[in-house]
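An overview of the molecular structure
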Amino acid sequence: MPHISAAAGLLAGLLAAVPAQAADACDALTAKIIRGTGASLAGRDGAYAVFRAQDAERMSLDCRAPARITLASLDREPGRAYFALVGLAARALTGADAERAEVLALNLHQDSLLADAPRRGATGRALMLCETSPRTDVLAGDLTVCRIAPATGAPGLSRRRHAG
């Protein structure tokens, strides 16, 4: 039976390392967001980090795969600085071009205002959803919300076609 207890000990050690590695990865991503956006850390709980940013009412990071950032404003039509912050957050999270992400956020926001519905788009490795409707979830009261997540898969590659 010594093999069973040795295997159980090894398994327990591996399982304990997984949350520690996830926490380290989230710490690194949180630091990257801070450096890339100029926001400051307001708090951290497990896989979630909340930031203080001058140009957004709320800014939060969910480190669970795929990691995503949510930026919210109390304004239905926020100032340009909000969209610049969205661009910086997209660059920090995904490596997308910040100016292109800013323009995408502006366009999605305008489209959302016109359609009164959320709008999705992508630039580089960043996927984005922006919405301008009143909310009933945890972001209630925030009239503009943009979420950013990394695109999965290799950009620019098409699926292989099969004969027949």
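To keep things clear, this report deals only with the structure shown in the data block. This is a predicted model, so every value here is computed, not measured. Once a new chain begins, its residue numbering starts again from 1 and follows that chain's sequence as written. Predicted model: local features are reported for residues with pLDDT of at least 70 only, side-chain atom pairs are reported and counted for 80 or more only, and whole-chain, interface and lining totals are derived from all residues. Just so you know, side-chain values use all the structure's heavy atoms and leave hydrogens and water out.

Further remarks concern the overall build of the protein. For helices the rule is a DSSP run of H or I covering at least 4 residues; for strands it is a run of E covering at least 2, with both sets numbered from the N terminus onward. Along the backbone of the protein there are 3 helices and 7 strands. When its helices and strands are written in sequence order, the protein yields α-β-β-β-β-α-α-β-β-β. Out of the 164 residues in the protein, the part that is buried amounts to 36%. Throughout, a contact is declared for two residues whenever any of their heavy atoms are within 4.5 Å. Long-range contacts, defined here as pairs at least 24 residues apart, represent 43% of the contacts in the protein between residues at least 6 apart. Relative accessible area decides the class of each residue, using a 1.4 Å probe on protein chains only: under 20% of the type maximum gives buried, over 50% gives exposed, and in between gives partly exposed.

In what follows, salt bridge is the name for a side-chain nitrogen of Lys or Arg lying within 4 Å of a carboxyl oxygen of Asp or Glu. Tallied over the full model, the rule gives 5 salt bridges. Measuring nitrogen to oxygen at the nearest pair gives 3.2 Å for the salt bridge that ties Arg 147 to Glu 131. Placement of the pair is Arg 147 in strand E7 (residues 144–150) and Glu 131 in strand E6 (residues 126–131), with a sequence separation of 16 residues. Here Glu 131 falls in the buried class, since its relative accessible area comes to 14%. What you see here is one network of salt bridges that share partners, running through Asp 62, Arg 64 and Arg 68.

So, on to the pairing of strand E3 (residues 56–62). As judged from the 5 bridges shared by strand E2 (residues 48–53) and E3, these two strands associate in the antiparallel manner. Across the sheet, Ala 53 pairs through a bridge with Ala 56, a residue of E3. Each pair of strands is called paired provided DSSP finds at least two bridges between the two strands. Adjacent in sequence and paired antiparallel, E3 and strand E4 (residues 68–73) are bridged by 5 residues.

Looking now at the state of the cysteines. Only a pair of cysteine sulfur atoms within 2.5 Å counts as a disulfide in this structure description. Under the definition given, this model contains 2 disulfides. Each sulfur in the disulfide pair Cys 26 and Cys 63 lies 2.0 Å from the other. Handedness here is read from the sign of the S-S torsion; for Cys 26 and Cys 63, about 70 degrees, the answer is right-handed. Taken together, the residues Cys 26 in helix H1 (residues 2–37) and Cys 63 in the loop between E3 and E4 connect sequence positions 37 residues apart. With its sulfur 2.2 Å from that of its partner, Cys 130 forms a disulfide with Cys 146. The disulfide joining Cys 130 to Cys 146 has a torsion of about 115 degrees about its S-S bond and is therefore right-handed. Of the two residues, Cys 130 sits in strand E6 while Cys 146 sits in strand E7, which places them 16 residues apart along the sequence.

Another point: the environment of Ala 98. Position of Ala 98 relative to the elements: it lies in helix H3 (residues 98–115). Looking at Ala 98, the relative accessible area reads 12%, which means it is buried. Taking the C-alpha atoms as reference points, Ala 98 and Leu 88, 10 residues apart in sequence, are found 5.2 Å from one another. Contacts of Ala 98, omitting those with residues within four sequence positions, involve Gly 87, Leu 88 and Arg 91.

Orientation is described by lines fitted to C-alpha atoms, with helices fitted over the stretch in contact, and by angles between N-to-C directions that extend from 0 to 180 degrees. At a minimum axis distance of 7 Å, the contact between helix H2 (residues 80–94) and H3 shows a crossing angle of 130 degrees. If you check the angle between H2 and H3, you find them oblique. As H2 runs across H3, the sense of the crossing is right-handed. Here H2 contributes Arg 80, Phe 83, Ala 84, Val 86, Gly 87, Leu 88, Ala 90 and Arg 91 to the contact with H3, which in turn contributes Ala 98, Ala 101, Glu 102, Ala 105, Leu 106 and His 109. A per-class count over the contact of H2 with H3 returns 9 nonpolar, 2 polar and 3 charged. Any angle from 65 to 115 degrees is called roughly perpendicular, while one under 35 is roughly parallel, one over 145 is roughly antiparallel, and all others are oblique. A clockwise turn of the near helix away from the far one marks a right-handed crossing, whereas an anticlockwise turn of less than a right angle marks a left-handed crossing. Amino acid classes used here: Ala, Val, Leu, Ile, Met, Phe, Trp, Tyr, Cys and Pro are nonpolar; Asp, Glu, Lys and Arg are charged; the rest, including Gly, are polar.

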